[in-house]
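Read off the chains here:
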Amino acid sequence: MRAARDTLPIAGRFEPGRIQRIDEPLYPPLSTRVELANALSHRDNAIGGGSVGLAAYDDRLEVTSTGSLHLVLSPEDPFGRHESRP
């Protein structure tokens, strides 16, 4: 979280009647923490050199993790009803 906090962009804004700028993370810290926690807890530790990646683009934040979907899942399945397996 510290690396994300220190490197992700900050959005600054001004409100009418206030002189001081309001700085807020571009991505909500709670959402970022949940995504990183999921990536860490669901990565495949059996893969040597496995890692979790965090990439910030102009229009999105991507969190990647080593491993693959369970054999019974397709990439579209997580968007519908499906069995949850650890």
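Small disclaimer: the values here were computed from a predicted structure and weren't measured. (Residues numbered from 1 in each chain as written. Predicted model: local features only at pLDDT ≥ 70, side-chain atom pairs only at ≥ 80, totals over all residues. Heavy atoms only, no water.)

A.B. asks: Lay out the overall build of the chain with the relevant residues and their values.
C.D. replies: Each helix and strand in the chain was counted, giving 2 helices and 4 strands. Per-residue burial for the chain yields a buried fraction of 8% across its 86 residues. Across the chain, contacts joining residues at least 24 apart in sequence account for 26% of those joining residues at least 6 apart. Counting every atom, the chain has about 7300 Å² of accessible surface; 54% of that belongs to carbon and sulfur. (Helix = DSSP H or I, 4+ residues; strand = E, 2+ residues; numbered from the N terminus. Buried < 20%, exposed > 50% of the residue type's maximum accessible area, 1.4 Å probe, protein only. Contact = heavy atoms within 4.5 Å. Areas by Shrake-Rupley, 256 points an atom, 1.4 Å probe, with all protein chains shown as cover.)

A.B. asks: Any chance you could break down the pattern of salt bridges for me, citing the residues and the numbers?
C.D. replies: The full count for this structure, using the stated rule, is 7 salt bridges. Ionic pairing is found between Arg13 and Glu15, a salt bridge with its closest N-O pair at 2.8 Å. Residue Glu15 is classed as partly exposed on the basis of its relative accessible area, which comes to 32%. Two residues, Arg18 and Glu15, come together in a salt bridge whose shortest N-O distance is 4.0 Å. (Salt bridge = Lys/Arg side-chain N within 4 Å of Asp/Glu carboxyl O.)

A.B. asks: Tell me about the packing of aromatic side chains, and please be specific about residues and values.
C.D. replies: Here the structure, examined in full by the defined rule, presents 0 aromatic pairs. Sitting above the plane of the Tyr57 ring, Arg60 keeps its charged end 4.2 Å from the centroid. (Phe/Tyr/Trp six-rings, centres within 6.5 Å; stacked < 30°, edge-to-face > 60°. Lys NZ or Arg CZ within 6 Å of the ring centre and 35° of its normal.)

A.B. asks: Go over helix H2 (residues 29-42) with me, naming the residues and quoting the values.
C.D. replies: With 14 residues, H2 extends 20 Å from end C-alpha to end C-alpha; this agrees with the ideal 20 Å at 1.5 Å per step. Listed in full, the buried residues belonging to H2 are Thr32, Leu36 and Ala39. Buried residues of H2 fall within an arc of 60° about the axis and therefore sit on the same side. Across from the buried face of H2, at angles greater than 90 degrees, the exposed residues are Leu30, Ser41 and His42. In this structure, the buried residues of H2 make contact with helix H1 (2-7), strand E3 (52-56) and strand E4 (61-65). (Expected span 1.5 Å × (residues − 1). Arc of directions from axis to C-beta.)

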